[in-house]
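# Fold and contact review
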Amino acid sequence: MSQQVYPVPDKFLKNARTTAEDYAAKYQQSVTDNTQFWREQAQSIDWIKPFTKVRDVSFDKDNFHVEWFGDGQLNVSANCLDRHVANHPDKPAIIWEGDHPYRHKIISFRELHQEVCRFANVLKKQGVKKGDRVTLYMPMIPEAAIAMLACTRIGAVHCVVFGGFSPDSLASRIEDSQSSVVITANEGLRGGKTIPLKTNVDAALQMPGTEGVTSVITVYHTEHPTNMQQGRDIWYHEAIAEVNEHCPPEPMDAEAPLFILYTSGSTGKPKGVLHTTGGYLVYAATTFREVFDIRDNDVYWCTADVGWITGHSYLLYGPLANGTTTLMFEGVPQYPTWARIGQIIDKHDVTILYTAPTAIRSMMREGDHYVRESDRHSLRLLGSVGEPINPEAWSWYYNVVGEGRCPIVDTWWQTETGGILISPIPGATPLKPGSATKPFYGVQPAIVDGEGNILEGECEGNLVLIDSWPGQMRTVYGDHQRFIDTYFSTFNGMYFTGDGAKRDKDGYYWITGRVDDVLNVSGHRLGTAEVESALVAHQSVAESAVVGMPHEIKGQGICAYVTLQADVEPTEELRKELRDWVRSEIGPIATPDAIHWAPALPKTRSGKIMRRILRKIAANELDTLGDTSTLADPSVVEHLIVTVYPER
Ligand code: 6R9
């Protein structure tokens, strides 16, 4: 833990909306009278039918319920569009920067409103009704935002699947969500390379369980011909030409489902995290405004893909609910050169940049000169999300990218939480590199020991939340018991995050990473169980165990130990084949960084794989393997070490 403290930079402090005293007082008030706090925040949203009840919450696993603004009604797209069209129709809503540096597009609130209404009418024409699920498998193009907003306009539930997932992963999400419509593009484009999205959709729809899909709407994004299946596939541009732009927003109950987003847990298949309408929107809008210190003329850029929760809450809904201009970038930081991020900041006068430690580390490695090619005078605030940021990367981001004048908001949160829970308030919170600092208003984190006892003062343990906040997930789609078991059963009466954390003497939180079997690879969550089941599905593999290992750029890399079937020879070709296999089963983000042949896996006498030991071996921390006395066969570890480090 670095204890260096960075006070709020002078330039920022001069215009600060919130001071340190304001934060302390407002935080105190927000937890003392949580109902009143959220009643006030919810006034920034337009309600079709005002709510009378603010919260009705119990975290007790035997009487669990969470409802916010329960009897109110609203529409998300009306909050993101209609009310801003009334106030500033010509203000850019989305600045789209294409993969190719010569392609960009600026879409005003009025234009976005029209497009969304049209596309909502297309969905209606395809038979989509309130509550129906629609799967999106899209590149980072405006149509992705349009499709999401169009779903919310008519009360359909969108399920965005990251465009980097394989046909298999896509199929299982379509099946789980029982989607009737899939929206995609013929191809995606990233760093000059194409991604065959429509071909992947076609492959997914060959798989059992996806028969419910009756139409596929495809954006013609690249000049590339695509197979169109008669009666099922329609072109986006043809469909919107046939409908008008009049589509009144559907009044939705505050607790009506808004979207499902799949995320990895410690066991088995990904969970469909379900968020609801009122609480989510109030939470995304409030946290966005306060954490990013939003002003009317900001040009805000979040680099996350719409396929992740950050792309939902802080690329789309938080910004647009506040009437903020949001920049959407199709490409990657290194294309055409590593100077791209700085070029985009200058080109569009970006004021706030929100990105991930893995991107920061990879830019840092390429050298300062790329960043220094741009002048970045418009920048005033920086943000980080997705994984713990190491102090070296933090300092580089602060000093080189931000030239020491921009605070960094290191925001800790999860798919499940809907929005930011722990973060500095810029202007109010002195920063410590590597610490997400303090809870957001109304949020009550605690650190508990293994038995669930709340620890006080300076401590380290499991991070929990002891009270609700409006943006929390409401259920695992189709499996409410799994929701209760996963989040509310480890420690009774508390939401368990799956993360470990420390709290220092100043009350600052330091997230130490997952304490369960979830990996965080370049800020992407992946269950070790998912990678293991992909590996054992290969005919040559008898057994496998997957653990995380330190990785300079990705934060965590994937290390797989594989025991082969008795008659199979371990070869370099097979190693490559297994890497490609996992890649095609799950997607490129799941590609193992290392595959070790394991004659056998270290297990306890009851047959449990001892991952603790495997993690130590992967990290080359052989001197601190710890207690191996519970191993059924201690010689397994010695064999493994010899195999992994033959030259030792
Ligand atoms: C928003 C998002 C959630 C997990 C979370 C934690 C890690 C996210 C972090 C962070 C340290 C931060 N995480 N932000 N760790 N500092 N600022 O990333 O959601 O994809 O669900 O991942 O990511 O481990 O539990 P999600």
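The rules behind each value
Residues numbered from 1 in each chain as written. Predicted model: local features only at pLDDT ≥ 70, side-chain atom pairs only at ≥ 80, totals over all residues. Heavy atoms only, no water. Pairing = 2+ DSSP bridges. Helix = DSSP H or I, 4+ residues; strand = E, 2+ residues; numbered from the N terminus. Axes fitted to C-alpha atoms, helices over the stretch in contact; angles between N-to-C directions. Buried < 20%, exposed > 50% of the residue type's maximum accessible area, 1.4 Å probe, protein only. UniProt positions renumbered as here; feature names shortened; annotations may be inferred. Polar contact = N/O pair within 3.5 Å; in protein donor to acceptor, adjacent residues only side chain to side chain. Contact = heavy atoms within 4.5 Å. 1 Å grid on protein atoms, 1.4 Å probe; cavity = no way out; pocket = protein on both sides within 12 Å on 5 of 7 lines; lining within 4 Å. Points joined across faces, edges and corners; volume = space filled by probe spheres on them. Nonpolar A, V, L, I, M, F, W, Y, C, P; charged D, E, K, R; others polar. Near = heavy atom within 4 Å. Areas by Shrake-Rupley, 256 points an atom, 1.4 Å probe, with all protein chains shown as cover. Arc of directions from axis to C-beta. Domains from an automatic or database assignment. Buried area = accessible area lost by both parts, 1.4 Å probe. Salt bridge = Lys/Arg side-chain N within 4 Å of Asp/Glu carboxyl O.

## Points about the sheet that holds strand S20 (residues 408-411)
The mixed open sheet is built from seven strands, whose spatial order is S5-S4-S17-S16-S18-S19-S20. Edge positions in the sheet fall to strand S5 (104-108) and S20, since each has one partner strand and no second. Taken pair by pair, the neighbouring strands of this sheet meet at an average axis angle of 20 degrees, ignoring direction. With four bridges joining them, strand S18 (residues 352-355) and strand S19 (residues 381-385) adopt parallel strand pairing. Residue Ile352 lies in a different strand from S19, and its bridge partner there is Leu381.

## Regarding unusual backbone geometry
Cis rather than trans, the peptide bond between Tyr335 and Pro336 has omega equal to -5 degrees. Relative to the elements of secondary structure, Pro336 occurs in the loop between strand S17 (325-329) and helix H12 (340-348). The phi dihedral of Arg376 is positive, around 55 degrees, even though this residue is not glycine. With respect to the helices and strands, the residue Arg376 is situated in the loop between helix H14 (368-372) and S19. Since its relative accessible area comes to 1%, Arg376 is described here as buried.

## Examining the pairing of strand S27 (residues 518-521)
Of the two faces of S27, the one carrying Val518 and Asn520 and the one carrying Leu519 and Val521 are both buried. By the bridge criterion, four bridges tie S27 to strand S28 (residues 524-527) in an arrangement that is antiparallel. Each bridged residue has a counterpart across the sheet, and for Leu519 the counterpart in S28 is Leu526. Hairpin connection, S27 to S28: the antiparallel pair is bridged by two residues, and Ser522 has positive phi, about 50 degrees.

## A short note on the UniProt feature "domain: AMP-dependent synthetase/ligase" (unreviewed entry) in the protein
UniProt annotation of "domain: AMP-dependent synthetase/ligase" (unreviewed entry) refers to residues 81-465 when read in the numbering used here. End C-alpha atoms of residues 81-465 are separated by 33 Å, and the span's content is 32% helix alongside 23% strand.

## Structural notes on the side chain of Arg474
Within the fold, Arg474 resides in the loop between strand S23 (459-465) and strand S24 (475-476). Side-chain polar atoms of Arg474 contact the side chain of Glu255, separated by 2.9 Å. At 3.2 Å, the side chain of Arg474 forms a polar contact with the backbone oxygen of Pro470. Excluding anything up to four places from it in sequence, Arg474 contacts Val66, Trp68, Glu255, Leu274, Thr276, Gly279, His480 and Phe483.

## With respect to empty space enclosed by the protein
Evaluation of the coordinates by the stated rule reveals four cavities of 30 Å³ or more. Reported here for the largest cavity is a volume of approximately 60 Å³. As for the largest cavity, its lining consists of Trp338, Ile341, Gly342, Ile345, Leu353, Met363, Val371, Arg376 and Val401. Among the elements that make up the lining of the largest cavity, the one with the highest residue count is H12 (three residues). Looking at the lining of the largest cavity residue by residue, the classes come out as seven nonpolar, one polar and one charged. Taken as a whole, the second largest cavity holds about 50 Å³ of empty space. Forming the walls of the second largest cavity are Leu74, Asn75, Val76, Thr152, Gly155, Ala156, Met252, Pro257, Leu258 and Thr277. Here the lining of the second largest cavity is composed, by residue class, of six nonpolar, four polar and no charged.

## Topic: the site of the ligand
Close to the ligand lie 17 residues; Asp410, Thr411, Thr415, Asp499 and Arg525 are nearest. Note that an oxygen atom of the ligand is positioned 2.9 Å from one of the side-chain N or O atoms of Gln414. Within the contact set of the ligand, an oxygen atom lies 2.5 Å away from a side-chain nitrogen or oxygen of Thr415. Out of a free accessible area of 530 Å², the ligand has 96% covered by protein chains. Secondary-structure elements contributing two or more residues to the shell around the ligand are helix H11 (309-321), S20 and strand S26 (509-514). Tallied by class, residues from the shell around the ligand come to six nonpolar, six polar and five charged.

## Quick word on helix H19 (residues 611-618)
Among all positions of H19, only Arg611, Ile613, Leu614, Ile617 and Ala618 are buried. The buried side chains of H19 occupy one side of the element, clustering within an arc of 155 degrees when seen end-on. Against helix H17 (528-536), strand S29 (541-551), strand S30 (555-564) and helix H20 (635-644) lie the buried residues of H19. Directly after H19, the chain includes Asn620, whose backbone phi takes a positive value near 55 degrees.

## Topic: the domain arrangement of the protein
You can read the domains of the protein as domain 1 (98-248) and domain 2 (522-644). Here domain 1 and domain 2 have C-alpha centroids that lie 37 Å from each other. Between domain 1 and domain 2 the total buried area reaches about 450 Å² when both faces are included, carbon and sulfur atoms providing 51% of it. Taken together, the connections running from domain 1 to domain 2 amount to zero salt bridges. The residue makeup of the side of domain 1 that touches domain 2, split by class, is two nonpolar, three polar and one charged.

## Brief notes about the layout of surface pockets
Estimates place the volume of the second largest pocket at around 330 Å³. Listed by contribution, the elements that provide at least two residues to the lining of the second largest pocket are helix H7 (167-177) and H17. Residues belonging to the lining of the second largest pocket are distributed by class as follows: five nonpolar, four polar and five charged. No fewer than three residues from each of domain 1 (98-248) and domain 2 (522-644) sit in the lining of the second largest pocket.

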